[in-house]
Amino acid sequence: MEFLTLLYGATALYLCFLIWKLFDQRRDRECYILDYQLYKPSDERKLGTECCGKIIGRNKHLGLNEYKFLLKAVVNSGIGEETYAPSNVIEGREANPTLLDGVTEMEEFFHDSIAKLLARSGMSPSQIDVLVVNVSMFACVPSLTSRIINHYKMRDDIKAYNLTGMGCSASLISLDIIRNVFKSQKNKCALLVTSESLSPNWYDGNDRSMILANCLFRTGGCVILLTNKRSLKHKAMLRLKCLVRTHHGAREDAYSCCNQKEDEQGRLGFYLAKNLPKAATRAFVENLRVLSPKVLPTRELLRFMIVSLIKKLRQSSSLKSSSSGGSNKSSKSPLNFKTGVDHFCLHTGGKAVIDGIGMSLDLCEHDLEPARMTLHRFGNTSASSLWYVLGYMEAKKRLNKGDRVLMISFGAGFKCNSCLWEVMKDLKNANVWEDCIDCYPPDSLANPFLEKFGWINNVEDATTFKLPDFLLK
C-alpha cells in the first residue's frame, strides 16, 4: 500500500514537473524588442519642392503629359518637403548610378544607426547571435550582412541572413525568421536591419507606371535589437504576440502587379500596375481572416458570428431588394478591430493605401494620424516605414504599458504581413522625431508643388512647350 502511494505521488510530481517544464520552455521562446533606432539622413539630402523640380527637369525623356501626370501624383501623394533622397540623386547622377553609390548608401545607414543603437543599449557587437538584413533591390558581394559583420567585428559563429526581393513587407519577414530562431534556441540576441536601396533604382524613363515610384519612395531605415532572454525582459519595450504572413504569389495578377524591371528602352525601374489595389485588397482580407481570431476578444468574435447568422437569415429579402434597388455593398470589415487593438501601425505605401486600410477597418483620423504624418515627413521608406510610424506614436507618448499595437504591411510578390505587439512599459523616446514632433500634425498637409508648378496644367501645346530655365540649371 505504501509502495502504491509512493508511486502515485512520484507520478503526480513527475507530471507537475513536465507541465512546469513546458511552461518554462515557453517563456524562453518569447520575442522582445529591447530598442530600435531609426535613420535620418543629413539635411542636404532633403527633397524640397525646387529640388524635386530640378530632378524632374533633368529627365530628358519626359514630355508635357508626363509633367502633368507627375504634378498630379506628387500633389496627391501625401508627401511633404522634408523627405530624403540618395546622394547620387541630389548630386544629379541618378541616370548613371554605380555599384559604389549603392554600397555607400547602405553603409552610411549601417554605420550611423547600428552604432547609435548599440551605444544606447550598452550592448557589444560580440553579444549579437543573429543578424538579419533585408534590402530588397540591392545585392552585392560580399553581402550586406558580411559588411556589417566585418565593420563591427562580430563573432565567427553568428547566424547571418541576407534577404533581397521581399518588398515593403520584408521587415516582418525578417522578424519571423528571428522569432523562429528564438523558438528553438534560448538566451539569444538578434539584430534586425531593414532598409531599401534607391541609388541604383531611381527611374530615368517616361513609363507612367514606373515614374510613380520616384514620387513615393524615399531613403530611410531602421535597426532593431531583439532578444528572448528572460533576464532582459524588464528592459523590453515590446513583446511579440503573434505574426501572420499571407503570400499570393501563385496568382498571376498578384505576382506581376509590382516588380522591378526594364522598360521598352531598357531603363531599369520599379513597376506599379493598375491592378495593384485589387491584389492588395485580396491579400489584406485573407490576412485578416487568419489574424482576427488571434487578436480579437471572444465577445467580438461571438458578436460577429451572431451578426453573420442574422444576415444569412435575411439573405433572401436582401437579394430581392438588391435586384430591384441596386446593391450597397460595403468594403468595411464586419469585425471591430479596436476591441483587440489600441494602436494601428500602417504601411505608408501612399495616401490611397492609408485611406483604404482606414476605411476597411473603420479607423478614425486619430488612428490614421501616425501613418499620415510619417508619409508626410519621411515618405514611403519601404520595409522600414512601419517603424517610423511606431516612432511617431512613441514620440507623441501614445504607447503605454499593456497597449496592443497592430502592424500591417504590403509587399511585392504579392504579400500582406501583419503582427501584434504588447507594450511592456510606457514609451517616451522621440528617436528621429525629436526635432519636429511638436510641429505635427501641421495645420495643412497641402503640397506646395501645385502652388509653384500648377501653371503647367494651363499649357496645351506640347510641341512648343519648354521648361523654365530655373528648372534646367
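Residues numbered from 1 in each chain as written. Predicted model: local features only at pLDDT ≥ 70, side-chain atom pairs only at ≥ 80, totals over all residues. Heavy atoms only, no water.

The next thing to look at is empty space enclosed by the protein. If a probe the size of a water molecule is rolled over the atoms, the empty space left behind becomes visible. Scanning all chains against the criterion turns up 4 cavities of 30 Å³ or more. Considering the residues around the largest cavity, the lining is formed by 24 residues, among which Cys-52, Ile-55, Ile-56, Trp-202 and Asn-214 are closest to the centre. Mapped by element, the contributors of at least two residues to the lining of the largest cavity are helix H2 (49-58), helix H3 (64-75) and helix H8 (208-216). Residue contributions to the lining of the largest cavity peak at 4 residues, all from H2. Classifying every residue of the lining of the largest cavity gives 13 nonpolar, 7 polar and 4 charged. The calculated volume of the second largest cavity comes to roughly 140 Å³. Looking at the second largest cavity, it is lined by 12 residues, and the ones nearest its centre are Ile-56, Tyr-67, Phe-449, Phe-453 and Ile-456. For the lining of the second largest cavity, the elements supplying multiple residues, two or more each, are H2, H3 and helix H16 (449-453). Tallied by class, the residues present in the lining of the second largest cavity amount to 10 nonpolar, 2 polar and no charged. (1 Å grid on protein atoms, 1.4 Å probe; cavity = no way out; pocket = protein on both sides within 12 Å on 5 of 7 lines; lining within 4 Å. Points joined across faces, edges and corners; volume = space filled by probe spheres on them. Helix = DSSP H or I, 4+ residues; strand = E, 2+ residues; numbered from the N terminus. Nonpolar A, V, L, I, M, F, W, Y, C, P; charged D, E, K, R; others polar.)

Think of it this way: side chains of opposite charge can pair up when their charged atoms draw near. Within this structure, the stated rule accounts for 28 salt bridges. Between Arg-93 and Asp-101 there is a salt bridge, with its nearest N and O atoms 3.0 Å apart. The shortest N-O distance in the salt bridge between Asp-157 and Arg-155 comes to 2.8 Å. For Arg-155, a relative accessible area of 26% corresponds to the partly exposed category. The network of salt bridges with common partners includes Glu-30, Arg-239, Lys-241 and Glu-422. (Salt bridge = Lys/Arg side-chain N within 4 Å of Asp/Glu carboxyl O. Buried < 20%, exposed > 50% of the residue type's maximum accessible area, 1.4 Å probe, protein only.)

Counting residues in hydrophobic clusters, the biggest one holds 75 residues, and the most contacted among them are Leu-175, Leu-191, Val-193, Leu-226, Trp-387, Trp-421 and Trp-433. A total of 8 residues in this core trace back to one element, the largest contributor, which is helix H15 (residues 385-395). What Leu-226 contacts, discounting residues up to four positions off in sequence, is Cys-31, Tyr-32, Ile-33, Leu-175, Ile-178, Phe-182, Lys-188, Cys-189, Ala-190, Leu-192 and Trp-421. Ranked by size, the runner-up nonpolar core spans 67 residues in total, among them Ile-211, Leu-216, Phe-344 and Phe-465. (Core = buried A, V, L, I, M, F, W, Y, C linked by side-chain atoms within 4.5 Å. Contact = heavy atoms within 4.5 Å.)

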